[in-house]
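Here is what each chain is made of, one letter per residue.
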Amino acid sequence: MSEANLQTSTVIPQVEVQASKPLKRPPGPWRTAWSKFRRNPYAVTGLVVLLIFIIGGAAAPWLTKYDPAKIDMMFVNVKAGTDGHLLGTDELGRDIFARLLYSARISLTVGFSVAAGSVIIGAIIGSISGFFGGFIDTCFMRLVDVMNSIPLLFLNILVLAIFGTEFRYMIIVLILTSWMSVARLVRGMFLQLREMQYVEAARAIGVSNLGIIFKHLLRNASFPIIVNATLMVGSAILSESALSYLGLGIQAPKTSWGLMLSNAQEFMLVDPLQAVYPGVCILLVVLAVNFIGDGIQDSLNPRQKMSERRIDRWRKSFLKSKI
Amino acid sequence: MEEKLLEIENLTAGFLTVGGTVKATEHLSISIEKGKTVCLVGESGSGKSVTSLAVMRLIDYNGGAILEGSIKFQGEDLAKKSQDEMIRIRGNKIAMIFQDPMSSLNPVYTIGDQIAESIMLHRKKGKKEARKMAVDMLRLVGIPAPEIRVKQYPHELSGGMCQRVVIAIALACDPSLLIADEPTTALDVTVQAQILDLLRSLQKELGMSILLITHDMGVAAEMADRIAVMYAGIIVEEGSANEIFARPSHPYTEGLLKSVPGLEGARGEELYTIRGNIPGLSQLPEGCRFHPRCPYAKDICREKAPPVMAVTEDHYASCWMYSEEGGAAAWKNETKPEVSR
Amino acid sequence: MTEFIIRRTLQSVLVLFLITLVTFGLIHAAPGGPFQIMLAPGLSPEAMEIQAHNMGLDKPLPMQYLSWLGNLLQGDLGYTFKNHVPIGEIIWPTVKNTFILMSVAWLLTLVIAIPWGIYNSTKEYSLSDQTASFISYIGFAMPTFWFGIILQQIFSIKLDLLPLADMYSMDKEGQFGDLMLHLVLPVTVLTLGFLAAYVKYSRSSMMEVLNQDYIRTARAKGVQEGKVIYKHALRNALIPIITIIALDLPLLVAGAAITESVFNWPGMGRLFVQMAVAREYSVLMAITLLTAVIVIFGNLLADLLYAVVDPRVQLGKRGGRSA
């Protein structure tokens, strides 16, 4: 080999970028995701709509002077706009606008607490199952099988029939019938990541088991879990409204969109609009959280626009809360 | 001069994206004579696969299109044909085999069905006869016990066997041109040699031309009559295989040859790598496309794209080094590194 | 094959056993136990004891469980608490009614969804594809019962075209034409819900197949584009679709609690809701078990079908795919 050859054979792994400014620290995953999320019109609309409902629910006492539970037989089925009743009153003279606002509180509380509870329980079970494997894993996965073999809508109804239709029971039973997808997801992540190099490396430098779990693994699973959780919010809101409609959820004098619809169906002949408002609210909120979920998903992985797993999750939520 | 079977002239093919057209190949010209093998060599991303898809007009299904130029095959311009006309040519006069044999076969049909399909399509044979011919084809490509194999599904065969089946499908209708897109890349080294041997002997037997696409100079050395080296969508050097190996004239070809690990090199010697990466198609550099990675780059290379120059008769390179305008003299005076081969 | 079936059956029996335990346990975990509702109100303590003794409610729980399980195995579902009617007599007629409703909705869904999804896979972002996307989002976010109520308002009350609810009109019991009219609205509601999932599912499944190398091989062979899609791609794309279909089969019997309640359809889902409100625990247990059996059977069927349609799958060897 000639001299010149030796000169050119130095290994230079990357082309040096000509005349480029020194790069700032690359933005973190959260920031990148947010900047992509921001450019997705559906996701942003969803976020705005959700915020409006959250504010509406939170500020309900300031937005209306009426008590949603106050029965006023003097003003039954008043038309919209009369006497400060923005959307009129129902068959018992309750202000519809006030009921819608206070229902938003209930629905959003159910949605977010069920999602949070399911994520916590699912993450715990999934981590234990995926990290330790073996017998523990088998047991938990059988449990998931059992849960998936019972029609979950029936199970919800059964539990509420037995324990009574208290608000906290509803949240608990919805959590207990929703955690499986998160557990599966976290477990899958674990099995996948457990073999990876950097977990080995972390073990090698003596990080404890728990340290490995929380530092490395959950961080990798956090985005898919968030996407899953947004879908769960929508699903839980639908479940709540369906259960309330069937008379097994929220009970008067409390108020909920599903309960309002159940009343409205009886008085359909008198005022059909009463059946429209609560349904539109449910539709908007669920659409909003689904768009947000899609926005997050796309900001992470734009190619995988509609993965089968996601469709499958949608399908399950349909069977659980809507059929 | 023998008859040309395929003549690609001035071919520009690309993809339509949101950001506009991305040209994967530009002003590409190449021709194949009857019974000969031409190798398109280059790194992944150099546009060689796009060229093959363009010839087959399969590029239309990948969101791409032929933007300019002609593809003359047996006197007809494939670039102007409709897909209805192309389906009579594909699998019949021009056949193609692909990189990954395992995924190139439909998992839910038996291999016999898959070979027979193309015979039934182009030879208008009945199902029974086509099946019989399928067995013959399997025997031709050297698959043992073809009567049994014909009823098996792809997942029951090894990778090498699958590639033989893919070749059998391609050759079922006795094509005049076979396009082989990295036919051995996904296979084990020993199997690679077998498949190349098979292709060579089949070529002798059937008299077809082969357009072989590879990134592997070793494969090209074994198969090619002519070699065209592609870089970032253009052909940078073209010539007979002997010429190219004896006198690699473009710095890129030179780099490719040097980066082939050889048995004769001293052990422990650092393997040559061409510095940098192939540029993305949407961010091609000004001037010569290779200049950011070229060890000999001069100012003119950064400003103007080089013309195609004849190095010797029938050996062309697209480099300023051979042009008077580029000051060929200047390079000659420098120590142009000899390629020791 | 036989080994696989035996193993799966044993697994199913185990899951079923767990489900009986869970449901039995749930009911006896009810505050105050099942006694209060089971016993006729207004009885003297002595009479209550006698009645409890007659119903076997004074035995220890494990004994009660065993005798209940024993009866179940003999096909004896027990009696209702009120009126003492055999549970089987209540359930079986509803199974038939549910099957009528669900099979019509489901077949309609398949007939529309699979061709539509496949068509959309080749025409990405076309008007048809966008419409399907729109339907999916709305279908997933809209509460079924609300959609039902709105349809009732428009088509029964405003336009008076279709019957409001029930399976037959008062004087037309058993007439086919009348049944068809009554089917229109609930079937529309259910089909929209199903469609949302199935169109997307068949589209994404087809899209994935169309990106595979063997589709390119087929085109390179000179196969016509129509045949590429309907012969080479479809057969592969149908594999996951068929699996989902089999998994959903149990719905044909388990029914649609919410839709049946909206339209007062005398099916098993509505029965479950009614019995839940009436706290007829033994009926609830029986229906839960029945549906669980059917779901487990559906899962088994899905696995078997999978092996039939996909030559790569060998029963009992999950890893046999994609060698």
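Above this text is the structure in question.
Quick summary incoming for the structure in this document. Values in this document were obtained by computation on a predicted structure and should not be read as measured data.

With that out of the way, let us pick up the nonpolar core. Formed by 251 residues in total, the largest nonpolar core has its most connected members in I157(A), A168(B), V229(B), F272(C) and L284(C). At 15 residues, the largest contribution of residues to this core is made by helix α5 (residues 96-132) of chain A. Of the residues that make up this core, three or more belong to each of domain 1 (1-93 + 174-270) and domain 2 (103-172) of chain B. In this structure I157(A) touches L248(A), A257(C), F272(C), V273(C) and A276(C), once residues within four positions along its chain are discounted.

Let us now look at the interface of chain C and chain A. Each partner contributes residues to the interface: chain C has 44 residues there, and chain A has 41 residues. The set of elements that each furnish at least two residues to the side of chain C that touches chain A consists of α1 (2-28), α6 (127-141), α7 (144-158), α8 (176-210), α12 (257-262), α13 (268-278) and α14 (281-309) of chain C.

Residues and elements named next belong to chain B. Of all 7 residues in strand β10 (residues 234-240), 6 are buried, a share of seventy percent or more. Between strand β9 (residues 226-231) and β10, which pair antiparallel in sequence order, lie 2 residues; one of them, A232, sits at a positive phi of approximately 50°. The pairing of β10 with strand β12 (residues 315-318) spans 3 bridges and is antiparallel. Within β12, the position partnered with E238 by the bridge is Y316.

Residue and element names in this part refer to chain B. Taken in spatial order, the 4 strands of this open sheet run β2-β1-β4-β5, and their pairing is antiparallel. The open sheet terminates on both sides in strands that have one partner only, identified here as β2 (20-33) and β5 (76-77). As paired strands, strand β1 (residues 4-17) and β2 are joined by 10 bridges and run antiparallel to one another. Note that in β2 the partner of G14 across the bridge is K23.

So, about helix α5 (residues 127-140) of chain B. All names here are of chain B. Relative to the 20 Å expected for 14 residues at 1.5 Å per residue, α5 spans 20 Å between its end C-alpha atoms, a close match to the ideal helical length. All of the buried residues in α5 are A130, R131, A134, M137, L138 and L140. Considered in projection along α5, the buried side chains sweep an arc of 165° and stay on one side of the axis. Buried-residue contacts for α5 involve α4 (111-123), α6 (146-149) and α7 (159-171). After α5 finishes, the residue G142 shows a positive phi value of roughly 80°.

The rules behind the values
Residues numbered from 1 in each chain as written. Chains lettered and ligands numbered in written order. Predicted model: local features only at pLDDT ≥ 70, side-chain atom pairs only at ≥ 80, totals over all residues. Core = buried A, V, L, I, M, F, W, Y, C linked by C-beta atoms within 7 Å. Buried ≥ 20, exposed ≤ 12 C-beta atoms within 10 Å, placed from the backbone. Helix = DSSP H or I, 4+ residues; strand = E, 2+ residues; numbered from the N terminus. Domains from an automatic or database assignment. Contact = placed C-beta atoms within 7 Å. Pairing = 2+ DSSP bridges. Expected span 1.5 Å × (residues − 1). Arc of directions from axis to C-beta.

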